[in-house]
Structures are given as C-alpha cells and as structure tokens.
Amino acid sequence: MLEIADLHVRYATAEAVRGVSLSATPGRVTLVLGANGAGKTSTLRAAAGLVKVHAGRVTLDGRDVTGLAPHRIVRAGTVLVPEGRRVFAPLTVEENLVLGGYTVSRERSGTALDRVYGMFPILRERRGGPAGLLSGGEQQMLAFGRALMSSPRAIMLDEPSMGLAPTMVESVLEAVRAMADDGLSVLLVEQNAEMGLEVADDVVAMARGEVVFTGPAGQARSHASVLRAFLGEA
Ligand code: ATP
C-alpha cells in the first residue's frame, strides 16, 4: 500500500500541496480528481522523489521512502508514469520496454517482460516494430508497460488519457483496470472525472492543494464538493 501523509510541497512562489493525505491499495484504482493547478501532479512528483517534500511522509508497505532519490523509489516499488507518453519513437516496442527494466536484474527484467506482454498482448504483437508507429493509445500502454518493467507494487499515472481519441481512452482505461486486477496499487490522476470514475474504486478530490473529499467512487458521483472540484469551482 502506498501512503502519503500530510504532504507539503512548496515552490518559490507558492505552496502547491498543503497537507495532503491519501493512499492507494493493492488491487484498487484510486482516482485523484481536481481542476488545473489543484496540486495533483506535484503530489505525484513528490511521491516519486522528483520534487522536494517540504513536510510529510511517503511510505510503501510501511517503508518510509520520503525524500529518496527517484531511482531508489523505483527500486523500492513505486513508479510514476508522467503526463505525455514520451516513448522513444525510433526504438522498437521491446527496446522501450527493456529500457524500463534497467533498474532491476536481467533475470527479473525477463520475468517482467513476460508479465507485461501477458497484460498487454498488443505490445507483444508489435514488439519488433518502432514505437513511433503505435497509435496514441498503444503508446500509452507502452508507457505503462515500460513502468511495469521495474516490477512495482504501486504505479502512479498522470493524466494517461490526455490528448487521446475517445476509442483509445477506453483501451487505456481497460489497461488501468488490468494493472489493478493484477494486484498493483494504482493512483490515477485525471481531470476528466467521468472518464476516471469508469475505472475508479476510490476517489480523492483535491482543490487548491488540499484534499476536499475521500471516499468510494459510488459516493463521489453524488458528492457536491467533488463536483465543484472537477468543475474547477472549488
Ligand atoms: P495540472 O493538471 O495543471 O497539472 P495539477 O493539479 O497537477 O494541475 P500542479 O501541477 O501540481 O497541479 O500545480 C499546483 C500549483 O503549483 C499550481 O499553482 C502551479 O502553478 C504550481 N507549480 C507547479 N509546478 C511548479 C513549479 N515547478 N514551480 C513553481 N510553481 C509550480
């Protein structure tokens, strides 16, 4: 289980995250909703070691990883798939995946590759072709697969549906579900609440750097503060 407790992130001009607490549980998708600038990305980046944690704690299965270097957080079992797919277009699908396994041993990387191909058969089909020829949805799946190569227990996904056609969004959401069903703790950041709620088990809504709602997805649909958060009015 990935736990973020009383997290604070400060930039030179602003406190972007002010006491955020949330957790992601194995086998479940935890959706983080919020308008532009609510602090969602800063929360994920802090948990991944990419921005400084000003205060608070990040733990994975009880182990404190707060403030560790990004590669050590990956080794500890938490991985971030940042916004924008950023696959290496001229490299093959498999080469992209293998790059994602560089933090782990070759043996573990081989097992992870089988697991990724099992989860996303389309990547196996396309493994010898250049990543740049994949559709947007397939490239997002490749970005997921590349992250899974480190055999994480928790995966954080920043706006994976951004810029995708609706049909591709569906397959990306299915991929998100598949990762949770495989036992991962999934933290999904989405601005589009409707999309996110399709796969979410739990919901955390953020506004102005704070958590304004935490609860099961069913409850979120009818909760007014969540609505305001994702409409950008909160
Ligand atoms: P978005 O959907 O736009 O990414 P978000 O909810 O992820 O929004 P953040 O990107 O975490 O929000 O931004 C939270 C606040 O911190 C915003 O006011 C933003 O302008 C500010 N901010 C983000 N990154 C930086 C930075 N590197 N330096 C200064 N301020 C930043």
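Keep in mind the model is a prediction, meaning the values are calculated, not measured.

Undergrad: Any chance you could explain the site of the ligand here in plain terms?
TA: As a matter of local geometry, the ligand sits amid Tyr 11, Ala 16, Ala 35, Asn 36, Gly 37, Ala 38, Gly 39, Lys 40, Thr 41, Ser 42, Glu 159 and Gln 191. Lys 40 places a side-chain nitrogen or oxygen 2.9 Å from an oxygen atom of the ligand. In the environment of the ligand, an oxygen atom lies 2.6 Å from a nitrogen or oxygen atom belonging to the backbone of Thr 41. Expressed as a share of its isolated accessible area of 620 Å², the protein-covered part of the ligand is 60%. Take the shell around the ligand: its biggest share by element is three residues, from helix α1 (residues 40-47). Counted by class, the shell around the ligand contains four nonpolar, six polar and two charged residues.

Undergrad: Explain a negative patch on the surface here, please?
TA: Taken together, Glu 170, Glu 174, Glu 194 and Glu 198 make up a surface patch of like negative charges. If you list the elements that add at least two residues to the negative patch, you get α7 (166-181) and α8 (193-199). Tracing the chain through its elements places Glu 174 in helix α7. Given a relative accessible area of 55%, Glu 174 falls into the exposed group.

Undergrad: Where do I start with the environment of Leu 91 in this structure?
TA: If you trace the backbone, Leu 91 turns up in the loop between β6 (78-81) and α3 (93-100). Look at Leu 91 and you get partly exposed, because its relative accessible area is 31%. Separated by 54 residues in the primary sequence, Leu 91 and Gly 145 place their C-alpha atoms 15 Å from one another. With residues near it in sequence (within four places) discarded, Leu 91 still touches Asn 96, Leu 99, Gly 129, Pro 130 and Ala 131.

Undergrad: What should I look at first to understand the layout of surface pockets in this one?
TA: Picture a little ball the size of a water molecule; that probe, rolled over the atoms, points out where space is still empty. Approximately 560 Å³ is the volume found for the largest pocket. Residue lining of the largest pocket: 23 residues in total, with Val 74, Val 79, Leu 80, Pro 82 and Tyr 102 positioned closest to the centre. For the lining of the largest pocket, the per-class residue count stands at 14 nonpolar, six polar and three charged.

Undergrad: Can you walk me through the nonpolar core in this structure?
TA: Generally speaking, nonpolar side chains in soluble globular proteins are found buried as a group. Phe 120 and Met 179 are the most contacted members of the largest nonpolar core, which totals 48 residues. Tallying contributions element by element places α7 first for this core, with seven residues. The contacts of Met 179, once residues within four sequence positions are left out, are Met 119, Phe 120, Phe 144, Leu 148, Ile 155, Leu 157, Leu 184 and Val 186. Among the nonpolar cores identified, the runner-up in size contains 30 residues, and Leu 2, Leu 44, Ala 154 and Leu 187 belong to it.

Undergrad: How should I be thinking about a nonpolar patch on the surface in this particular structure?
TA: A cluster of nonpolar residues, Phe 88, Leu 91 and Leu 99, forms a patch on the protein surface that exposes about 250 Å² of accessible area. Residue placement: Phe 88 occurs in the loop between β6 and α3. On the basis of relative accessible area, Phe 88 is assigned to the partly exposed category, the value being 44%.

Undergrad: Help me understand helix α6 (residues 136-148) in this model?
TA: Given 3.6 residues per helical turn, the α-helix brings residues three or four places apart onto the same face. Taking 1.5 Å per residue as the helical rise, α6 with its 13 residues ought to reach 18 Å, and the 18 Å between its terminal C-alpha atoms agrees with that figure. In terms of burial, α6 is a largely internal element, twelve of the 13 residues being buried. Within α6, the full set of buried residues consists of Gly 137, Glu 138, Gln 139, Gln 140, Met 141, Leu 142, Ala 143, Phe 144, Gly 145, Arg 146, Ala 147 and Leu 148.

Undergrad: Would you mind going over the pairing of β6 with me for this structure?
TA: Side chains on a regular strand alternate between the two faces of the sheet. In β6, alternate side chains face the same way, and those of Thr 78 and Leu 80 on one face and Val 79 and Val 81 on the other are all buried. Across four bridges, the pairing between β6 and strand β7 (residues 154-158) is parallel. Across the sheet, residue Val 81 finds its bridge partner in β7, namely Leu 157.

Undergrad: Any chance you could explain the sheet that holds strand β9 (residues 202-207) here in plain terms?
TA: Where strands meet in a sheet, backbone hydrogen bonds hold them as pairs that are either parallel or antiparallel. Strand order in this open sheet of six strands is β6-β7-β8-β3-β9-β10, and the pairing throughout is mixed. The sheet terminates laterally at β6 and β10 (210-216), the two strands that pair on one side only. Taken pair by pair, the neighbouring strands of this sheet meet at an average axis angle of 15°, ignoring direction. Relative to β9, strand β3 (residues 29-34) is paired through five bridges, and the arrangement is parallel. Across the sheet, the residue bridging to Val 32 is Val 204, located in β9. Against the sheet, α1 contacts β3, β6, β7, β8 (185-189) and β9, and its axis sits at roughly 145° relative to β7. Seen against the sheet, α6 touches β6 and β7 and runs at an angle of roughly 160° to β6.

Analysis parameters
Residues numbered from 1 in each chain as written. Predicted model: local features only at pLDDT ≥ 70, side-chain atom pairs only at ≥ 80, totals over all residues. Heavy atoms only, no water. Near = heavy atom within 4 Å. Polar contact = N/O pair within 3.5 Å; in protein donor to acceptor, adjacent residues only side chain to side chain. Areas by Shrake-Rupley, 256 points an atom, 1.4 Å probe, with all protein chains shown as cover. Helix = DSSP H or I, 4+ residues; strand = E, 2+ residues; numbered from the N terminus. Nonpolar A, V, L, I, M, F, W, Y, C, P; charged D, E, K, R; others polar. Patch = residues over 30% accessible without salt bridge, like charges linked within 9 Å, V, L, I, M, F, W, Y side chains within 5 Å. Salt bridge = Lys/Arg side-chain N within 4 Å of Asp/Glu carboxyl O. Lys, Arg positive; Asp, Glu negative; His and termini not counted. Charge placed at Lys NZ, Arg CZ, Asp CG, Glu CD. Buried < 20%, exposed > 50% of the residue type's maximum accessible area, 1.4 Å probe, protein only. Contact = heavy atoms within 4.5 Å. 1 Å grid on protein atoms, 1.4 Å probe; cavity = no way out; pocket = protein on both sides within 12 Å on 5 of 7 lines; lining within 4 Å. Points joined across faces, edges and corners; volume = space filled by probe spheres on them. Core = buried A, V, L, I, M, F, W, Y, C linked by side-chain atoms within 4.5 Å. Expected span 1.5 Å × (residues − 1). Pairing = 2+ DSSP bridges. Axes fitted to C-alpha atoms, helices over the stretch in contact; angles between N-to-C directions.

Keep in mind that these numbers describe shape and distance, not what the molecule does.
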